[in-house]
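Structure assessment
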Amino acid sequence: MPKLPSVVCGVVCSVVCGFLLLAVTAAGGAQSPGVHASRPAACIAPVPQTAPGRPSIGVSLRRLYDTLGSEALWLRPERRRADQALVLLRGARDHGLSPDHYRVDELAQRVYRLPASGDALLDADLSRSVLQMLTDIHFGRTAPDHVTTVSGWAPVPYDPVDALCGALREDRLAGLTQQAQPRIPLYQRVKLTLAQYRDLAARPRQGLPLGPLPASGAVVAGDRYQGAAMLRQRLVLLGDLAAGGDSGDGQHYSIELANAVRRFQARHGLADDGELGPATMAALAVPLAHRVRQLELTLERLRWVPALPPGKMVVVNLPAFRLWAFDTAAQPASAALEMRVIVGNAAGTPTPLLVAQMRQVQFQPYWNVPASIVRKEILPKLARDPAYLARQHMEIIARDGTLLAADQSDAAAALGSGRARIRQTPGPHNVLGAVKFNLPNSMNIYLHATSARELFARARRDLSHGCIRVEQPAELAEFVLDDPIQWSTERVRSAMLAGSSQTVGLKTPVPVVLFYATAVTDRQGRVLFAADIYRRDAKMIAAMAGSPGPGLR
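Every value quoted in this text rests on a predicted model; they were computed, and no experiment measured them.

1. Some words on the overall build of the protein chain
The number of helices and strands found in the protein chain is 18 helices and 18 strands. Sequence-distant contacts, at least 24 apart, represent 71% of the contacts inside the protein chain between residues at least 6 apart. Accessible surface for the protein chain amounts to roughly 24,300 Å². Of this, 55% is attributable to carbon and sulfur atoms.

2. Regarding the pattern of salt bridges
By the definition in use, this model includes 24 salt bridges. One salt bridge in this structure joins Arg-54 and Asp-136, with 2.9 Å as the shortest N-O distance. A residue pair is termed long-range when its members are at least 10 positions apart, and Arg-54 in strand 2 (residues 54-55) and Asp-136 in helix 5 (residues 120-139) qualify at 82 residues. Each of the two residues, Arg-54 as well as Asp-136, counts as buried. Of the charged contacts in the structure, one is a salt bridge between Asp-171 and Arg-80, with a shortest N-O distance of 3.3 Å. Residue Asp-171 is found in the loop between helix 6 (160-170) and helix 7 (176-180), and its partner Arg-80 is found in helix 3 (residues 80-90); the two are separated by 91 residues along the sequence. Residue classification places Asp-171 among the partly exposed positions, given a relative accessible area of 41%. What you see here is one network of salt bridges that share partners, running through Arg-103, Glu-106, Arg-110, Asp-125 and Arg-128.

3. Some points on the layout of surface pockets
Counted as a void, the second largest pocket has a volume near 640 Å³. Around the second largest pocket sit 29 residues that line it, and Trp-367, Pro-370, Ile-373, His-465 and Gly-466 are the ones nearest its centre. Its residues assigned to classes, the lining of the second largest pocket shows 14 nonpolar, 11 polar and 4 charged.

4. With respect to empty space enclosed by the protein
Across all of its chains, the model carries 2 cavities of 30 Å³ or more by this definition. In this structure, the largest cavity occupies an estimated 80 Å³ of space. Looking at the largest cavity, the residues that line it are Asp-145, His-146, Arg-301, Trp-304, Val-305, Leu-353, Val-355, Val-513, Leu-514, Phe-515 and Tyr-516. Mapped onto the lining of the largest cavity, the elements with two or more residues apiece are helix 12 (288-304) and strand 16 (502-515). If one sorts the elements of the lining of the largest cavity by residue count, strand 16 sits on top with 3 residues. Considering only residue class, the lining of the largest cavity consists of 8 nonpolar, 1 polar and 2 charged. Approximately 50 Å³ is the volume found for the second largest cavity. For the second largest cavity, the full set of lining residues is Tyr-197, Arg-234, Leu-238, Phe-264, Arg-267, His-268, Ala-283, Leu-284, Val-286, Leu-288, Arg-291 and Phe-529. Secondary-structure elements contributing two or more residues to the lining of the second largest cavity are helix 9 (228-238), helix 10 (255-267), helix 11 (278-284) and helix 12. Taken together, the residues of the lining of the second largest cavity break down into 8 nonpolar, 1 polar and 3 charged.

5. So, the environment of Arg-458
Along the chain, Arg-458 turns up in the loop between strand 13 (447-448) and strand 14 (462-464). Arg-458 gets classed as partly exposed once you look at its relative accessible area, which sits at 46%.

6. A short note on the packing of aromatic side chains
The description of two aromatic rings rests on the distance between their centres and on the angle between their planes. Evaluated as defined, the whole model comprises 4 aromatic pairs. Here the aromatic rings of Tyr-516 and Tyr-534 are separated by 5.8 Å at their centres, their planes lie at 25 degrees, and the arrangement is stacked. Of the two residues, Tyr-516 is situated in the loop between strand 16 and strand 17 (519-521) and Tyr-534 in the loop between strand 18 (527-529) and helix 18 (537-544); the sequence distance between them amounts to 18 residues. The class of Tyr-516 is buried, set by a relative accessible area of 1%. A residue is classified by how much of its surface remains accessible, and Tyr-534, at 12% relative accessible area, is buried. For the cation-ring pair, Lys-436 lies above Tyr-446, with the distance from its terminal atom to the ring centre recorded as 4.3 Å. Lying over the aromatic face of Trp-487, Arg-491 brings its terminal NZ or CZ to 4.1 Å of the ring centre.

7. Thoughts on the nonpolar core
In terms of nonpolar packing, the biggest core is built from 87 residues, with Leu-64, Trp-74, Leu-126 and Leu-231 touching the most fellow members. With 9 residues, helix 5 is the single largest residue contributor to this core. Sequence-distant contacts of Leu-231, that is, excluding residues within four places in its chain, are made with Leu-210, Tyr-225, Tyr-253, Leu-257, Val-261, Leu-276 and Leu-284. Listed in part, the 63 residues of the second largest apolar core include Val-361, Val-374, Met-394 and Ala-420.

8. A short note on unusual backbone geometry
The omega torsion across Leu-208 and Pro-209 is 0 degrees, close enough to zero to call that bond cis. Looking at the element boundaries, Pro-209 is found in the loop between helix 8 (185-202) and helix 9. Phi angles above zero are rare outside glycine, and Arg-103 is one such case at about 55 degrees. Relative to the elements of secondary structure, Arg-103 occurs in the loop between helix 3 and helix 4 (104-113). Positive phi is not limited to glycine here, since Phe-321 has a value of about 55 degrees. By secondary structure assignment, the location of Phe-321 is in the loop between strand 4 (312-317) and strand 5 (322-327). Judged by relative accessible area, Phe-321 falls into the buried class, the value being 5%.

Cut-offs and rules
Each chain carries its own residue numbering, running from 1 in the written order of its sequence. pLDDT decides what is reported in this predicted model: residues at 70 or higher carry local features, side-chain atom pairs at 80 or more are listed and counted, and totals for whole chains, interfaces and linings draw on all residues regardless. Just so you know, side-chain values use all the structure's heavy atoms and leave hydrogens and water out. Only DSSP runs of H or I with at least four residues qualify as helices, and only runs of E with at least two residues qualify as strands; both kinds are numbered from the N terminus onward. Whether two residues are in contact is decided by their heavy atoms: any pair within 4.5 Å suffices. All accessibility values rest on the Shrake-Rupley procedure with a 1.4 Å probe; residue burial counts only the protein chains present in the view. When a carboxyl oxygen of Asp or Glu is within 4 Å of a side-chain nitrogen of Lys or Arg, the pair counts as a salt bridge. Type-normalised accessible area, obtained with a 1.4 Å probe on protein chains alone, sets the label of each residue: buried when under 20%, exposed when over 50%, and partly exposed for intermediate values. Using a 1 Å grid laid over the protein atoms alone, points where a 1.4 Å probe fits but cannot get out form a cavity; open sets with protein on both sides within 12 Å along at least 5 of 7 lines form a pocket; any residue with an atom within 4 Å of a point counts as lining. Grid points are joined across faces, edges and corners, and a volume is the space filled by probe spheres set on the points. Put simply, Ala, Val, Leu, Ile, Met, Phe, Trp, Tyr, Cys and Pro go in the nonpolar bin, Asp, Glu, Lys and Arg in the charged bin, and everything else, Gly too, in the polar bin. Between rings of Phe, Tyr and Trp, where Trp is taken as its six-membered ring, a pair exists when centres lie within 6.5 Å; planes separated by under 30 degrees are stacked, by over 60 edge-to-face, and by other angles tilted. Think of it as a cone above the ring: NZ of Lys or CZ of Arg counts as a charge over the ring if it is within 6 Å of the ring centre and within 35 degrees of the ring normal. Only buried residues count toward a nonpolar core, which is a set of Ala, Val, Leu, Ile, Met, Phe, Trp, Tyr and Cys residues joined through side-chain atoms within 4.5 Å.

Laid out in structure tokens, this is it:
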């Protein structure tokens, strides 16, 4: 078997890959060409991995040359393939990745100043950069920051060596990045939006700066506003106002401008009242270069999502305070169930990023109060007011299951030491509402209804201790139970009103993805932005801008 060029061997031996990254497969969208659809017989070697899911670039490089039996994949007998490799590497930008991370300019200079005979080191460097880029596009460039507890299926792994072998043998290099990217419709939509926003960010006239707000702090339709002309230009640029869609005189905040602002507000998670206030002005003034960065981060985060099978799925985008439930296997594709949610408070109890499986629906649940809430909130209240638990319909339960009276001498001590716990009984007073959706995980995160429904009217809804409160619990229960005979709409609502608790196991576990993206594109092509409530974006921008991935340092 031909050997890898000796200069490459030295690089291979020094490669270390320390990231655990997960692959993304189709979520019911159109399938791109299968990784193994036209697999050459010579490309069947096992895929060595440095961490579950992600292959080592160094070992992949050795496998590539060992498999194809050549020391010159790109430069001989001509440089056409080298040119194609450079085009591929420059295309990393389309995926929100920097071509600089793959040394494309340096490689181009070396390609074009070489004699026709080529260079083994350059050939290996081209291969290494292409393999690194394909790996990053599929698995992600940075380490994922979510916890995954899904199980029960084994998706076909993506092998960049396999993909590159087939492309080189069949002269189809142009499709490599499309083959490597996550096969989920949202990824492709965000990719297209990224290209559009890069174009917008490059335009010289962007409708900024906007005129200042008046002393009243807000502008309403009909008010005089000196920034009306610039506002119109900004809204047209962003697509919230059609060109020529404002008949105003440029000196007043017209009805047309107010309606366009309302559309802008709806896309940015703001109260869509049409008023031009401080929050709306701040969102309008965000540089488009920053919007580009947000879209790039979304592509990276989508690369982290683990492979999920076709079927029912629940997705929560935490900063957008929205939940979608849909069936990727339905033919024709089913409309998504969409609702508002309340998520963990940014100041102290943010909801963790999580991929888990919903396994049960519990009607009229008990609320088993977390020990942290007992210590920090309930015990101080109980010390001041012995009747607090009774008013809140709460019980003290000893380890053996017996009830303890709140006024017992050792009750508080038992709670403080963990020898007893507190639960709230089912009913309209229960903070979990009438339904709880169980998805086993080590952080005790779940979805549930709520007795404080008025909170859904707020624009910013990071108000919980970490769990997700859902706006339409009955509809979500009916969706996941998926049994129109045993669990019809009427039966679900009846169970929600019953006087006793009832737990129902799901026939098929439903994946639940607690996701974090401050920029997405919906199925209608609207670009939706959200505030970075958990301040994750800045750290991720720094990580994405860091040194090249393993194997290129």
